[in-house]
Amino acid sequence: MIRRKARPTWPNLTRTGLNLNVRGLLQAALAGLLLWGGQAAARTVKIITADTLELRNVDGQEIVIISGENVELRIDEDVVKAKRVEFNRTQRTLTLVGAATYHTAKDGQDLSGDNLVVDLGSEALTGQDVLISDANLEIRGSEVERVPGQLRAQGGYFTPCAKCGRTPNDYAFRAERLIVYPGDRLIAYRAQLLLADHPVLYLPIVVIPLNDRARQPRLSIGKDPVDGYTALADLPFSIGSSVLGTTMLRYYQNRSPSYGGGVDLHAYAPLRWVDRIDLYTLALPRPVYSRLGGYDADLNFSMKGRLSSQFTLSEPTYTLNVTRRDIGRSDADPERGVTYVDFAARADYPLFTAALYYSNRFGPDPTTTLGSVLKHPEVALTAKTFSVGRVNVDVGVVAGDYTAASNPNSRIASAAGLNYSTTRLQEYHNLSYTARPWRDAEVQLTNTFTGRYYGNGARTVQLSAAAQLTQNWAGGNSFSVRQEYVRNEGTSPFAFDVVSYRLSAPLTLRLNTVPVIGSTFTVQYNRDAFLPRGSDLRDEHLQVGGSVVRLPVNAYYGLDYNVATGDLDSGSFNVTVGDSNSNVLTLVPALDAVAATPTTPALPARPAYYRRSSAWPFPKATFTVSGSYSRLSGGLQPLNVRATFTGDTRTNTFSVFGTYAFQEDALQAGRNLTSVGLNYSAALTRDTVINPLSVVGNETLYLRYPRVSGTHSLTWRGYTLSTSHDLLLEQPDSFKESGSVTVSVGTVSGKATNWQLTYGGPYDLRRQAFTRPQLTGSLTTTQPGARLSAAAAVNLIGLDQFRTELAQASLDAAWQKGRYSLSGRATYQRTRNGLYPNDIATDVLTFDPLRVGVALGKGERPNLYLTASLRQTFTYVDGVRQNPTPFGPVIGLTYDRCCWAVQAEADFTLRRYRIAIGLPGQFYPLFQLDPNGASVPLLPFTTP
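Read on for an overview of the structure. Keep in mind it's a predicted model, so treat the numbers as computed, not measured.

### Regarding the overall build of the protein
Part 1 of the argument: Check the secondary structure of the protein and you find 2 helices and 61 strands.
Part 2 of the argument: Relative to the 2.2 N^0.38 estimate, which gives 30 Å for 944 residues, the radius of gyration of the protein is 40 Å and therefore markedly larger than a compact globule would have.
Part 3 of the argument: Dimensions along the principal axes, computed over C-alpha positions, put the protein at roughly 100 × 95 × 80 Å.
Part 4 of the argument: Taking all 944 residues of the protein together, 33% fall into the buried category.
Part 5 of the argument: Excluding contacts between residues fewer than 6 apart, the proportion of contacts in the protein whose partners are at least 24 apart in sequence is 40%.
Part 6 of the argument: Accessible area of the protein: about 53,600 Å², with a carbon and sulfur share of 58%.
Part 7 of the argument: For the protein, the centre of its 93 positive side-chain charges and the centre of its 81 negative side-chain charges are spaced 3 Å apart.

Quick look at the structure:
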């Protein structure tokens, strides 16, 4: 008998009674459970619901027990539901006692079974009598084991028909062993095919693709005008339980050689020190027009893994990538025949982190600048941040041998050619010191250095040192002094690590004050001790800024004065005056008298009183003025003024604005007021349910270059009347139109039935009429089982348009009632070429497509569907049809059983007849008859 030590328990805690202290205790226990002894990152566990918690010690193993009517946990993104969950702290396992479910977010699978065991270290899961379901399959297994990347089951039963809701299933499989690669494929060994749960066929192996169609098995045979007959075959395979892939075979009749092939392979943890291997390689005969002959090859090989080490904090990791891209490149492409190799390894030690990088290029010598940096190799050592007293230190060293694009400013590298090779040693450090020498004072010292030393004798230096003293005092006031020294110099032979020259020693004095509550004032002085290269003027600026936030005023300003030149470089301001709550009285509670103490005086009693937020006399008005100055942009910038008035409700607003330019325009002298305008919105506040009425609009008049534009709308009882215009008031003589004007009426958007009618188009103010008016209308209505959308545009007679005719129309509809359905889209468009009256009309009528369907059979969900569709375009030029092809519908018959289907199609336009079978994932063609003859696409000896 197992003896257990008694431990304190928390009996019968309700879900709402699971307080933060208990949760914290459990999270602490889970944190210890999920740590790999410092060898891996812990998985995050969250308790969603639970009733009781219990801590036990059984034979030296610490166990945390969570139980309740409905226990729910989240492990990262996975969801666990059970009535009892046991965490084994020692073995790092989670046991779901009794019936439980485990939902994997990554794979979208639901695993249901008894006594499921989850290894939180390896993320593996085992259980008995488990039901697995996802969007495609339902799998049952007497024993199930799940590891990252695959799921294994013994004595399994699986079917794609479980989602169809029929008993028995149309077809299913029973196998001795199942392996599921989520999102890729299912492999069953020694399987029986069951029809209506009756065994009919024994198969040594069954493979069902679960991925997208592009990665599934396929066989395609065709004929190309250049390559002649072609054949393509992708055949999946698996090796053991951890390797799966696809064999790719290609054939091109007119190429020499004619055959090609490759493999797309994925291996999951094939070795202890390898996590994953991916290999894609494809060799194709070069195109017929290529003069090189032979093969073009694509290669993409990647491997990643981790190594065991007792000296590192975590397992060292590595990655290897090998890539080559020849297919699709021209014969003269400089990247043809080039293979790139990239390797990276990283190890985390207690005191530092070490990394090794190797990047190289194999193949023809480069004839252009390299697009990447070749490292053969590079070693990086980065020390962990440490402190010496109050000094924090970051330091690192990088050394390597590099080949990269040459720096044009380096004479040695430029003389060597477009690319240059040499060694480089880089040392960098970052030192920081912070101290508080007296009250409310802070001293900060920083030093940053990066030095690069090259094998050809060149070097670059980036040095920065700074000292700052900040003194704060009551009320948010502060004064700071900062002196910085920056030195960047040297010429790198490479283009990827060029350093721009800089010698600077900026001194910054900054004063921040709060003169009164609600205001700030800032003065900052900057002076560089060194002159900029190529300039006689010192970088010396005085900046002044401030703000006032005291109702009803909200204002800010800023000035930048160049001391060296004696000019004001820039400035800006914004002032807003207004307080919408100035007429609201707020009660201030009374205060009782407070007796004096040895350190504080007595305070008299104060009665309650009412106060306002400000004394602003116009609570419904707000005024804003803003402007700026820029010496580089010519001086004073436009001044913007806006006044906004609000009604009794905030939805009713009216604002006017104007813009005044201080700078004269050479073509429009004297027109300094450049624009004025208004915005408004209003809604009735009475009878808003039966007679809702609202108006919205804006209007802008541009005065410098006279133009008027605006939009206005009125909405009443779900109907909207709107107008928009944009017109030149001073129209050049060569312009036939001043702009456009439109008027429209219709329903508001969002209704089940929506219609819109619009009239307008280009307008000429001088002739006071439309030049090319158009009337457009649209109607969209949606009801259960039906949708109809129609639109039309009619050109009307105008000053420059001499006919009334239909310009375009469209009809888009879908209707279904019972077993019958109708859907499709038809469009019509007319265009004209030439001059009136000899212009010629071109009409295009398109069906895209028009489809009629009827369901045959009994029951609410029939299995047989008959469809007829038409996808055709008719073109007429001056009334004469240009493509006199016969009227060619497509007739289809589909027998759908949810998890499989058979489809027959007759295309009378192409004179093509074919039959296909559909399985989960895609349709497979079985037979095809066309003008070229009969073919069976799945058989390689038949051709279309």
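And the narrative resumes.
### Things to note about a nonpolar patch on the surface
Part 1 of the argument: On the surface, Leu714, Trp716, Tyr719, Leu721, Val743, Val745, Trp755, Leu757, Tyr759, Leu775 and Leu779 cluster together into a nonpolar patch covering about 890 Å² of accessible area.
Part 2 of the argument: Taken together, the elements giving at least two residues each to the nonpolar patch come down to strand S45 (707–716), strand S46 (719–728), strand S47 (739–747), strand S48 (753–764) and strand S50 (774–783).
Part 3 of the argument: The element that contributes the greatest number of residues to the nonpolar patch is S48, accounting for 3 residues.
Part 4 of the argument: Assignment of secondary structure puts Tyr719 in strand S46.

### With respect to the pattern of salt bridges
Part 1 of the argument: Summed over all chains, the structure comprises 41 salt bridges.
Part 2 of the argument: Arg306 serves as the salt-bridge partner of Asp275, at 3.2 Å between the closest nitrogen and oxygen. With a gap of 31 residues between them, Asp275 in strand S19 (residues 274–285) and Arg306 in strand S20 (residues 295–306) connect regions that are remote in the sequence.
Part 3 of the argument: By relative accessible area, which is 29% here, Asp275 ends up partly exposed.
Part 4 of the argument: Given a relative accessible area of 34%, Arg306 falls into the partly exposed group.
Part 5 of the argument: For Arg306, the salt bridge identified is with Glu315, shortest N-O distance 3.7 Å.
Part 6 of the argument: Taken together, the shared-partner salt bridges in this structure form one network comprising Arg803, Glu805, Arg830, Arg832, Asp839 and Asp843.

### Concerning unusual backbone geometry
When glycine is set aside, most residues are seen to have a negative phi, and most peptide bonds are trans.
Part 1 of the argument: Residue Pro377 follows His376 across a cis peptide bond; omega there is -15°.
Part 2 of the argument: When you line up the elements, Pro377 lands in strand S24 (residues 374–383).
Part 3 of the argument: With omega at 5°, the peptide bond leading from Tyr836 into Pro837 counts as cis.
Part 4 of the argument: In this fold, Pro837 is placed in the loop between strand S53 (820–833) and strand S54 (840–856).

### Quick look at the environment of Ser309
Part 1 of the argument: Among the secondary structure elements, Ser309 is positioned in the loop between S20 and strand S21 (317–325).
Part 2 of the argument: With a relative accessible area of 31%, Ser309 lands in the partly exposed category.
Part 3 of the argument: For the pair formed by Ser309 and Val516, sequence separation is 207 residues and the distance between their alpha carbons is 64 Å.
Part 4 of the argument: In this structure the side chain of Ser309 is engaged in a polar contact, spanning 3.3 Å, whose partner is the backbone nitrogen of Phe311.

### As for the state of the cysteines
Part 1 of the argument: Throughout the structure, instances matching the rule amount to 2 disulfides.
Part 2 of the argument: Shown here is the disulfide that connects Cys161 with Cys899, its sulfur atoms set 1.9 Å apart. Disulfide Cys161 to Cys899: torsion about the S-S bond roughly 80°, handedness right-handed. With Cys161 in the loop between strand S11 (150–159) and strand S12 (171–181) and Cys899 in the loop between strand S57 (890–896) and strand S58 (901–907), this pair connects stretches of sequence that are 738 residues apart.

### Concerning the environment of Ala162
Part 1 of the argument: On the secondary structure map, Ala162 appears in the loop between S11 and S12.
Part 2 of the argument: Taking C-alpha positions, Ala162 is 65 Å from Ser655, a pair spaced 493 residues apart along the chain.

Here is what the cut-offs are and how they apply
- Per chain, residue numbering runs from 1 following the sequence as it is written.
- Totals for whole chains, interfaces and linings use all residues, but because this is a predicted model, local features are given only for residues with pLDDT of at least 70 and pairs of side-chain atoms are given and counted only at 80 or more.
- Water and hydrogen atoms were dropped before computing side-chain values, which therefore reflect all heavy atoms in the structure.
- Put simply, DSSP marks the helices as runs of H or I at least four residues long and the strands as runs of E at least two long, and each gets a number from the N terminus on.
- Radius of gyration means the value over C-alpha atoms here, while the globule rule gives 2.2 Å times the residue count to the 0.38 power.
- Each residue is placed in one exposure class: buried if its accessible area under a 1.4 Å probe, protein chains only, is under 20% of its type's maximum, exposed if it is over 50%, and partly exposed if it falls in between.
- Note on contacts: a residue pair qualifies if any of its non-hydrogen atoms lie within 4.5 Å across the two residues.
- Note on areas: Shrake-Rupley, 1.4 Å probe, and residue coverage restricted to the protein chains presented here.
- By the counting rule applied here, Lys and Arg register as positive and Asp and Glu as negative, while His and the ends of each chain are not counted.
- Think of each charge as sitting on NZ of Lys, CZ of Arg, CG of Asp or CD of Glu.
- In this scheme, patches are assembled from residues that exceed 30% relative accessible area and form no salt bridge. Like charges are connected within 9 Å, while nonpolar side chains (Val, Leu, Ile, Met, Phe, Trp, Tyr) are connected within 5 Å.
- Any Lys or Arg side-chain nitrogen found within 4 Å of a carboxyl oxygen on Asp or Glu counts as a salt bridge.
- Pairing of N or O atoms within 3.5 Å defines a polar contact, subject to two protein rules: one partner must be a possible hydrogen donor and the other a possible acceptor, and residues neighboring in sequence count only if both atoms are side-chain atoms.
- We call a pair of cysteine sulfur atoms a disulfide whenever their separation is within 2.5 Å.

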